[in-house]
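The residues making up each chain are set out below.
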Amino acid sequence: MQDQMSALDLFGKDRLTVLGKTPLVAETPESLLDDDTTPISRFFIRNNGLFPERIEDPDAWRFTVDGEVEHPLDLSLAELKSRFPVKTFRMVLECGGNGRAFFEPQAEGNAWTNGGAGCAEWTGVSLCDVLRAAGLKDTARFTGHFGADPDNTGSFEKQAMSRGMPMAKALEEHTLLVWAMNGEPLPFVHGGPLRLVVPGWPGSLSQKWLTRIWVRDREHDGPGMTGLSYRVPVHPLAPGADAGQVETRILESMPVRSIVTAPADGFRLAAGTRRIAVRGAAWAGDDTVARVDCSIDGGATWVPAQMTLPRNPYDWVRWTADIALPGDGYYEIAARATDSLGRAQPFRAVNWNPNGYGCNVMHRVVVRVGEGA
Ligand SMILES: Nc1nc2c(c(=O)[nH]1)N[C@H]1C(S)=C(S)[C@@H](COP(=O)(O)O)O[C@H]1N2
Ligand SMILES: [Mo]
């Protein structure tokens, strides 16, 4: 316990929950995601391997683009900063396994509740500008991403994680090569000096300590692309079923999700309190959030929330709802976001799959009014 604390202290983290020590994995309790922009101190951490070596001069960091391109590139971070238009977007980064803890039976992997997500301001250049400078060949179909971190045994023979995306996602303006987070140099623990941020899709695409992008003529097959990694069954499975031979598809956009960030779970209000201000955030992968509603009676009645406008695509919305409480007692406040295609969050964790992806069951917090409840 002691050294788990110090690992997080070392990175200046504030009350994150450690899910794994080696590799280091830590999530943010929902009530600490109450800021419009998630502070670095509260941003979740997900590593699949050990940390790479730190380098003295971030601007000397190098990365390459090769494969199905006319002119392979080998660029320093300094060159990247000066050669391409610099952009800042506030965007959600979310682990593909966010929500996994709510599956029954328990699925393989880190038991994220809803805190494997955060929304930061990312500064960098659009990957599409760099790929265009390299000149994509007609055969360019998919990216493969490489980082400087060894795997969880310390070996550099294979990547800790090496995922990739179809060219259409790689060419979106918001898919960035990032060197700054919330206006500060990208922290080492978040992939500094250089990482990818691929918003809306599983966080595993957002390669940290980025050293290479391999443009491929087919789907990438690095660690994290094959077997059941970041894949879900095409046909729904019975909870707990053996997925050995079932047909799977690769995960793309993350599903719609909202979290209640205030009150915190277990909050107690004074007897006689008859209104409660509820606050939270919502996001929807590649899609947009159409609405957020709250219920204190298990979904019998709903109160629509007021939402802020996202600053840019992939920003989360912040929402508030003013809810009347009929009397003292025990209440479970549930928040349900709906995306622009009408897909809402379910009450129960559905679509069970062995690696526990895509669970977006509604977040609920308990509040008690008065001393009796
Ligand atoms: N090089 C490298 N990049 C990586 C990973 C990793 O283990 N190694 N983990 C990925 C996963 S699974 C997630 S969810 C995000 C987490 O980013 P964060 O630690 O900055 O929150 O980084 C991704 N990029
Ligand atoms: Mo992840």
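Residues numbered from 1 in each chain as written. Chains lettered and ligands numbered in written order. Predicted model: local features only at pLDDT ≥ 70, side-chain atom pairs only at ≥ 80, totals over all residues. Heavy atoms only, no water.

Trainee: Where do I start with the pattern of salt bridges in this structure?
Mentor: In a structure, side chains of opposite charge can pair up when their charged atoms sit close to one another. Per the counting criterion, the structure on display carries 26 salt bridges. Between D315 and R90 there is a salt bridge whose closest N-O contact spans 2.8 Å. In this pair, D315 is assigned in the loop between β20 (306-307) and β21 (317-324) and R90 in strand β6 (residues 86-94), connecting sequence segments 225 residues apart. Each member of the pair, D315 as well as R90, is classed as buried. R311 is paired through a salt bridge with E121; the nearest N and O atoms lie 2.8 Å apart. On the criterion of sequence distance, the pair formed by R311 in the loop between β20 and β21 and E121 in strand β7 (residues 117-126) is long-range, its members being 190 residues apart. Accessibility expressed as a relative area gives 21% for E121, which makes it partly exposed. If you follow the salt bridges from partner to partner, you end up with D14, R15, D35 and R42 in one network. (Salt bridge = Lys/Arg side-chain N within 4 Å of Asp/Glu carboxyl O. Helix = DSSP H or I, 4+ residues; strand = E, 2+ residues; numbered from the N terminus. Buried < 20%, exposed > 50% of the residue type's maximum accessible area, 1.4 Å probe, protein only.)

Trainee: Hey, could you run me through the UniProt feature "domain: Oxidoreductase molybdopterin-binding" (unreviewed entry) in the chain in this one?
Mentor: With numbering matched to this structure, UniProt assigns "domain: Oxidoreductase molybdopterin-binding" (unreviewed entry) to residues 56-222. Each end of residues 56-222 is marked by a C-alpha atom, and these two atoms are 29 Å apart; helix forms 11% of the span and strand 32%. (UniProt positions renumbered as here; feature names shortened; annotations may be inferred.)

Trainee: What am I meant to see in the site of ligand 1 here?
Mentor: In the region of ligand 1, 18 residues are neighbours, and F44, N48, D149, H190 and K208 sit closest. Take R46: an N or O atom from its main chain is 2.9 Å from an oxygen atom of ligand 1. In isolation ligand 1 has 530 Å² of accessible area, and contact with the protein removes 100% of it. In the shell around ligand 1, the residues fall into seven nonpolar, seven polar and four charged. (Near = heavy atom within 4 Å. Polar contact = N/O pair within 3.5 Å; in protein donor to acceptor, adjacent residues only side chain to side chain. Areas by Shrake-Rupley, 256 points an atom, 1.4 Å probe, with all protein chains shown as cover. Nonpolar A, V, L, I, M, F, W, Y, C, P; charged D, E, K, R; others polar.)

Trainee: Looking at this structure, I do not really get the sheet that holds strand β2 (residues 25-27). What am I missing?
Mentor: Spatially, the three strands line up as an open sheet ordered β1-β2-β3, and their pairing is antiparallel. At either margin of the open sheet sits one strand with a lone partner, and together these are β1 (17-20) and β3 (45-46). As judged from the two bridges shared by β2 and β3, these two strands associate in the antiparallel manner. The residue bridging V25 from the neighbouring strand is R46, located in β3. (Pairing = 2+ DSSP bridges.)

Trainee: Is there a simple way to think about unusual backbone geometry in this case?
Mentor: It is generally the case that most residues other than glycine have a negative phi and that most peptide bonds are trans. Cis geometry is adopted by the peptide bond preceding P193, which originates at G192 and carries an omega value of 10°. Take P193: it is sitting in the loop between β10 (184-185) and β11 (195-197). Residue P263 is bonded to the preceding A262 through a cis peptide linkage, with omega at 0°. By the element assignment, P263 lies in the loop between β15 (257-262) and β16 (267-269). For W209, which is not glycine, the phi dihedral falls at a positive 45°. Among the structural elements, W209 can be located in the loop between β11 and β12 (210-216). Owing to a relative accessible area of 1%, W209 belongs among the buried residues under this scheme. For N351, which is not a glycine, the phi torsion comes out positive at approximately 55°. You can see N351 is positioned in the loop between β22 (329-339) and β23 (363-369).

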